[in-house]
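Observations on the three-dimensional arrangement
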Amino acid sequence: MDLVSKQKKTLFYKKIKKDILEKEYIQMTWTVNENCIKCKYTDCVEVCPVDCFYEGENMLVINPDECIDCGVCEPECPTDAIFVDTDERSKAMNEINKELSLEWPNISKKKQCFSKKEQDKWAKVKDKKQYLSKKPAPPEVIKE
């Protein structure tokens, strides 16, 4: 996605967030799916207004009880790993997000978790659920 498209999408989600805060909507949430496994780009955590991301050893999850459904994280993810919880691409990970967000540490700042080369390699891999580690992120996971 080019920069202009990404900016338009971000503005769109900011408007949705404003609408959500002004009106009463059915509560939904966003879910991180298996595309994040072994990539763990953290662009999404930096834009989250409520810090609802949690960090595991090799992926991130969203706490559905903290997510306000603003959607600003979704266009930030370079691996398209964030979907609304009712989307077929996320349903298999909804419970995992909920469960692991209660066990893993909160993350609110962008950081380099794996080397760019490693992230880019794993970003192309499909069906990664078998590689999910349920361990929390160690204090420092930066790998050069």
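Reference entry: report on the structure contained in this document. (Residues numbered from 1 in each chain as written. Predicted model: local features only at pLDDT ≥ 70, side-chain atom pairs only at ≥ 80, totals over all residues. Heavy atoms only, no water.)

Points about the overall build of the protein
- A count of helical and extended segments in the protein gives four helices and four strands.
- Across the 144 residues of the protein, 44% fall into the buried class.
- Within the protein, contacts between residues at least 6 apart in sequence are counted, and of these 79% link residues at least 24 apart.
- Approximately 8,400 Å² of the protein is accessible, and the part contributed by carbon and sulfur atoms is 54%. (Helix = DSSP H or I, 4+ residues; strand = E, 2+ residues; numbered from the N terminus. Buried < 20%, exposed > 50% of the residue type's maximum accessible area, 1.4 Å probe, protein only. Contact = heavy atoms within 4.5 Å. Areas by Shrake-Rupley, 256 points an atom, 1.4 Å probe, with all protein chains shown as cover.)

Observations regarding the nonpolar core
- With 26 residues, the main nonpolar core has Val32, Phe53, Met59, Ile62 and Ile82 as its most contacted residues.
- Of all elements in the fold, only β1 (30-32), α2 (43-47), β2 (53-55), β3 (60-62), β4 (82-84) and α3 (94-101) reach the threshold of two or more residues within this core.
- In terms of residue count, the dominant contributor to this core is β3 (three residues).
- With sequence-adjacent residues up to four places away left out, methionine 59 is seen in contact with Val32, Asn33, Cys36, Ile37, Lys40, Tyr54, Met93, Trp104 and Leu132. (Core = buried A, V, L, I, M, F, W, Y, C linked by side-chain atoms within 4.5 Å.)

Observations regarding the packing of aromatic side chains
- By the definition in use, this model includes one aromatic pair.
- Note on tryptophan 122 and tyrosine 131: the rings are 5.0 Å apart at their centroids and 70 degrees apart in plane angle, and the pair reads as edge-to-face.
- We classify tyrosine 131 as partly exposed; its relative accessible area is 36%. (Phe/Tyr/Trp six-rings, centres within 6.5 Å; stacked < 30°, edge-to-face > 60°.)

Some details on unusual backbone geometry
- The phi torsion at lysine 38 lies on the positive side, around 70 degrees, for a residue other than glycine.
- Relative to the elements of secondary structure, lysine 38 occurs in the loop between β1 and α2.
- Since its relative accessible area comes to 27%, lysine 38 is described here as partly exposed.
- One non-glycine residue, aspartate 69, adopts positive backbone phi at about 60 degrees.
- Within the secondary structure, aspartate 69 is located in the loop between β3 and β4.
- Judged by relative accessible area, aspartate 69 falls into the buried class, the value being 11%.

Some thoughts on α3
- By the burial criterion, the buried members of α3 are Ile96, Asn97, Leu100 and Ser101. Down the axis of α3, the buried set is contained in an arc of 115 degrees. They therefore lie on one face.
- Tucked inside the fold, the buried residues of α3 contact β1, β2 and β3. (Arc of directions from axis to C-beta.)

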